[in-house]
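Here are the chains, one letter per residue:
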Amino acid sequence: MALRTLATRKTLGALSRFPQQLRGLQTFTLPDLPYDYGALEPAISGDIMQLHHQKHHQTYITNYNKALEQLDDAIAKGDASTAVKLQSAIKFNGGGHVNHSIFWKNLAPTKEGGGEPPHGSLGWAIDQSYGSVGKLIAKMNAEGAAVQGSGWVWLAVDKELKRLVVETTANQDPLVTKGPSLVPLIGIDVWEHAYYLQYKNVRPDYLKSIWKVINWKYVSEIYEKECP
Amino acid sequence: MASVTTIVSQLTSSAFLPATEFCRLSQSLLHWSQMQGPGIDLKPPPYALDALEPHMSKDTLEYHWGKHHRGYVNNLKKQIEGTELDGMSLENIILASYNKGDVLPAFNNAAQVWNHDFFWESMKPGGGGKPSGELLELINRDFGSFESLIKEFTIAATTQFGSGWAWLVYNDKKLEVVKSPNAINPLVLGYHPLLTIDVWEHAYYLDFKNLRADYISTFLDKLVSWDAVSSRLEAAKVLE
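Residues numbered from 1 in each chain as written. Chains lettered and ligands numbered in written order. Predicted model: local features only at pLDDT ≥ 70, side-chain atom pairs only at ≥ 80, totals over all residues. Heavy atoms only, no water.

Asks: Just give me the short version of the packing of helix α2 (residues 46-77) of chain A against helix α4 (residues 87-106) of chain A, but keep the residues and values in it.
Replies: Residue and element names in this part refer to chain A. The N-to-C vectors of α2 and α4 enclose an angle of 140°; their axes lie 8 Å apart at closest approach. Classified by the interaxial angle, the pair formed by α2 and α4 is oblique. As α2 packs across α4, the resulting crossing turns out to be left-handed. Mapping the contact onto sequence places Met49, His52, His53, His57, Thr59, Tyr60, Ile61, Asn63, Tyr64, Ala67, Leu68 and Leu71 in α2 and Gln87, Ala89, Ile90, Phe92, Asn93, Gly94, Gly96, His97, His100, Ser101, Phe103 and Trp104 in α4. (Axes fitted to C-alpha atoms, helices over the stretch in contact; angles between N-to-C directions. Helix = DSSP H or I, 4+ residues; strand = E, 2+ residues; numbered from the N terminus. Parallel < 35°, antiparallel > 145°, perpendicular 65-115°, else oblique. Left-handed = near helix turned anticlockwise from the far one by under 90°. Contact = heavy atoms within 4.5 Å.)

Listed below in structure tokens is the structure:
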């Protein structure tokens, strides 16, 4: 009898751990930047980089994790209306996390190759589609400046059509909301928090400067993976 | 039809005008100004640019009013010149260019000109405190309490994702809190705006950085002009 009880308790103990492992809710943490906050100066100030990373991106992650836990809970309880209500928080905050994670990798200090134009197949594809890197930059800057309110301007590759695309998204909508086969190559944050302390209302100046620290090496790697 | 220059020179050249002359000249001036249409102007806030310190800095006013708001005015003027929107009142430009949601190019600038005029006038030096009189009665009726209004307004301002505005409006004889993205304002919904807070990042970034919540509570504690809200409510009641 005692043996049976012991066995039951042990089994019950194991079972109570099991659902957590089964659901396996993965939450997120702030990725480290591969460079110091001040390393992108004078294009982007250290102040902005620190606030942008430690406050804005961290807040998206914190709120994304919270929303995911609430969603997990709602799903487990079969609470459909809460699950649906949480979708906008997931899009905002999850999108914010996805987009900013791409952004940090898109940037590099000039002494580590930031700003050096692409060669190889990406350089060729840009020349084919836009005439030159300069013309691509002009197009992205024009579209980035024209974003009303908050959002992003993207260089993307359509992995089905194997074609480069310039696109914009509003708020923290990830690029896939503009096309399921779009793979982000370069994302430039045009929310005011990305530039205001340094460039104030002059978003076009920020857009001109940021190209000095774009990590074309990383961008080429992503492109070559999609278009080998 | 006398030109402005003629009218002004007549008014300034004579020390005394007989009453009839004065009446005729004033009427000409009034007629002239109505024919020109209201015109789009950068209205200054009803206080000096440093008058809201330390709650909203002079720096912020200089950029927010001097660059952003001025930019919307200048861009709107350029956009409407020579078009049918030219000469229309600002509110009519907004409604026409809203185009039932399929916005025309002038909408963004026109609405933002209006929104910012309305925003500056929603604040005053030594603002904050509590509303009184009929406004407070309606707040208690429609929100349960002043604290409840503050809570709801704060939530709207905090959760307007990205750029936008939070509003207290009068609609169907009731007070409501609404929020809107980018340049959209309650005029396009046929509501009567009573109060607004700008939650575009440029409105608070210099003073508060990422801390929008602190900006919102400072606005409500120290800046909001409940007098302005009361006057607007009175005007709105006449129209409903």
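Asks: Outline the interface of chain A and chain B, supporting the account with residue identities and numerical values.
Replies: With 17 residues of chain A at the interface, the matching set in chain B holds 15 residues. Interface area, chain A with chain B, both sides summed: about 1700 Å², of which 62% is carbon and sulfur. Applying the counting criterion to the chain A and chain B interface returns zero salt bridges. Run the count over chain A and chain B and you get seven residue pairs in polar contact (both at pLDDT 80 or more). With four residues, the single largest contributor to the side of chain A that touches chain B is α2 of chain A. (Buried area = accessible area lost by both parts, 1.4 Å probe. Salt bridge = Lys/Arg side-chain N within 4 Å of Asp/Glu carboxyl O. Polar contact = N/O pair within 3.5 Å; in protein donor to acceptor, adjacent residues only side chain to side chain.)

Asks: Quick rundown of helix α6 (residues 133-143) of chain B? Include the residues and the values.
Replies: Every buried residue belonging to α6 of chain B is among Leu135, Leu138, Ile139 and Phe143 of chain B, and all of these are buried. Buried residues of α6 of chain B, viewed axially, fall in a sector of 105°; they line one side. (Buried < 20%, exposed > 50% of the residue type's maximum accessible area, 1.4 Å probe, protein only. Arc of directions from axis to C-beta.)

Asks: Tell me about the pattern of salt bridges, and name the residues and values.
Replies: Across all of its chains, the model carries ten salt bridges over all chains by this definition. The partner of aspartate 173 of chain A in a salt bridge is lysine 91 of chain A, with the nearest N and O atoms 3.6 Å apart. One end of the pair, aspartate 173 of chain A, is in the loop between β2 (163-170) and β3 (182-189); the other, lysine 91 of chain A, is in helix α4, and 82 residues separate them in sequence. On the basis of relative accessible area, aspartate 173 of chain A is assigned to the buried category, the value being 18%. Assessed through its relative accessible area of 39%, lysine 91 of chain A is described here as partly exposed. Lysine 237 of chain B is the salt-bridge partner of glutamate 134 of chain B, the closest N and O atoms lying 2.6 Å from each other. In this pair, glutamate 134 of chain B sits in helix α6 while lysine 237 of chain B sits in helix α10 (residues 226-239), placing the two residues 103 residues apart along the sequence.

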